[in-house]
Amino acid sequence: MYHSEEIIRQLQSQKILAMKLDRAARAVGEEVKGHLSNIGVGAQRLLYYISCFTDEYYEVCTRQNLEDVRFRKGIVHLVSRWSIVFDMINAYVEEMVKNYSPAELAAIQHALMRANVYISTSTLTSYSFSAAVATTVCLYVTLPTSGLKVVSGLTGAVVGGLGLYGIVQKAADSAHRLQVIHPAYYQALYLRELEMMYFLVEPAFMCAGVLTQRWAEGPDSAADKILKLMGRHSWAF
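Everything quoted here is computed from the prediction, not taken from an experiment.

A. Quick peek at the overall build of the chain. A tally of regular secondary structure across the chain gives ten helices and zero strands. Starting at the N terminus, the α and β elements of the chain follow one another as α-α-α-α-α-α-α-α-α-α. Sorting the 237 residues of the chain into buried and exposed places 39% on the buried side. Considering only residue pairs separated by 6 or more positions, the chain has 67% of its internal contacts joining residues 24 or more positions apart. Accessible area of the chain: about 13600 Å², with a carbon and sulfur share of 61%.

B. The arrangement of unusual backbone geometry in detail. Residues other than glycine seldom take positive phi values, yet Asn116 does so here, at roughly 65°. Relative to the helices and strands, Asn116 resides in the loop between α4 (102-114) and α5 (126-138).

C. Examining the packing of aromatic side chains more closely. The full count for this structure, using the stated rule, is six aromatic pairs. Counting every residue linked through ring pairs, the aromatic cluster contains Tyr92, Tyr185, Tyr198 and Phe205. The cationic tip of Arg70 hangs over the ring face of Tyr190; the distance from NZ or CZ to the ring centre is 3.7 Å.

D. Local environment of the nonpolar core. Ranked by internal contacts, the top residues of the largest apolar core, which has 53 residues, are Phe71, Tyr92, Ile108, Tyr185, Met197 and Phe205. Of all elements in the fold, only α2 (58-81), α3 (84-97), α4, α5, α7 (161-181), α8 (183-191), α9 (202-208) and α10 (219-229) reach the threshold of two or more residues within this core. Looking at which element gives the most residues to this core, the answer is α3, with nine residues.

Conventions and cut-offs
Residues numbered from 1 in each chain as written. Predicted model: local features only at pLDDT ≥ 70, side-chain atom pairs only at ≥ 80, totals over all residues. Heavy atoms only, no water. Helix = DSSP H or I, 4+ residues; strand = E, 2+ residues; numbered from the N terminus. Buried < 20%, exposed > 50% of the residue type's maximum accessible area, 1.4 Å probe, protein only. Contact = heavy atoms within 4.5 Å. Areas by Shrake-Rupley, 256 points an atom, 1.4 Å probe, with all protein chains shown as cover. Phe/Tyr/Trp six-rings, centres within 6.5 Å; stacked < 30°, edge-to-face > 60°. Lys NZ or Arg CZ within 6 Å of the ring centre and 35° of its normal. Core = buried A, V, L, I, M, F, W, Y, C linked by side-chain atoms within 4.5 Å.

Below, the structure written as structure tokens:
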């Protein structure tokens with residue numbers, strides 16, 4: 001009996017070890033895939049720069065130069081404030097409720113309360129309300145692992161060469177997608193020099209599905225969007 005129990009324990013230990021090794025291998029694999037992806041995209045971007053000497057690529061090079069400048073400005077905001085996730089969410093909510101009256105903002109607040117979400121603000125203006133909402137939403141929005149690695153690499157001056165070119169290209173692609181599907185939000189971020197940092201929160205917005213819709217048509221619709229950004233199920237108001 002003792003030997004049977006010992007064998008079972010050994011098998012369980014081996015199974016746990018195998019599972020840990022499998023997870024570690026998958027993590028390493030994803031890390032390598034991500035790094036190779038950045039290098040591949042970066043190589044393509046560098047190739048466009050090399051092609052700048054030809055007239056047909058002049059427009060592409062001009063756009064890439066502007067993207068590089070905008071990316072550096074975004075990094076400055078990231079390093080100096082460390083609150084750009086809040087800033088980007090605040091920009092979205094502020095743009096959404098900017099034309100709402102205090103009564104309509106109160107209606108949103110009450111709709112969220114019915115979903116057990118409490119927004120604390122001393123005054124009901126679009127600016128104070130959006131800041132309070134963004135603070136609450138930030139408690140539920142986290143950067144994806146890839147985004148955290150990007151931030152760590154950029155601020156630690158670890159990422160360089162083709163990898164850095166790849167990150168800039170992915171940021172540019174993300175900003176372009178936003179410009180197409182939601183021009184108003186893109187413009188709001190552009191004015192804050194943050195449109196090239198949107199790639200950090202794009203997964204959260206795409207998962208919530210709020211950018212494929214028009215701006216809120218009323219307080220209930222606005223409350224629904226806020227709940228979706230928080231990862232909460234739609235609430236029957």
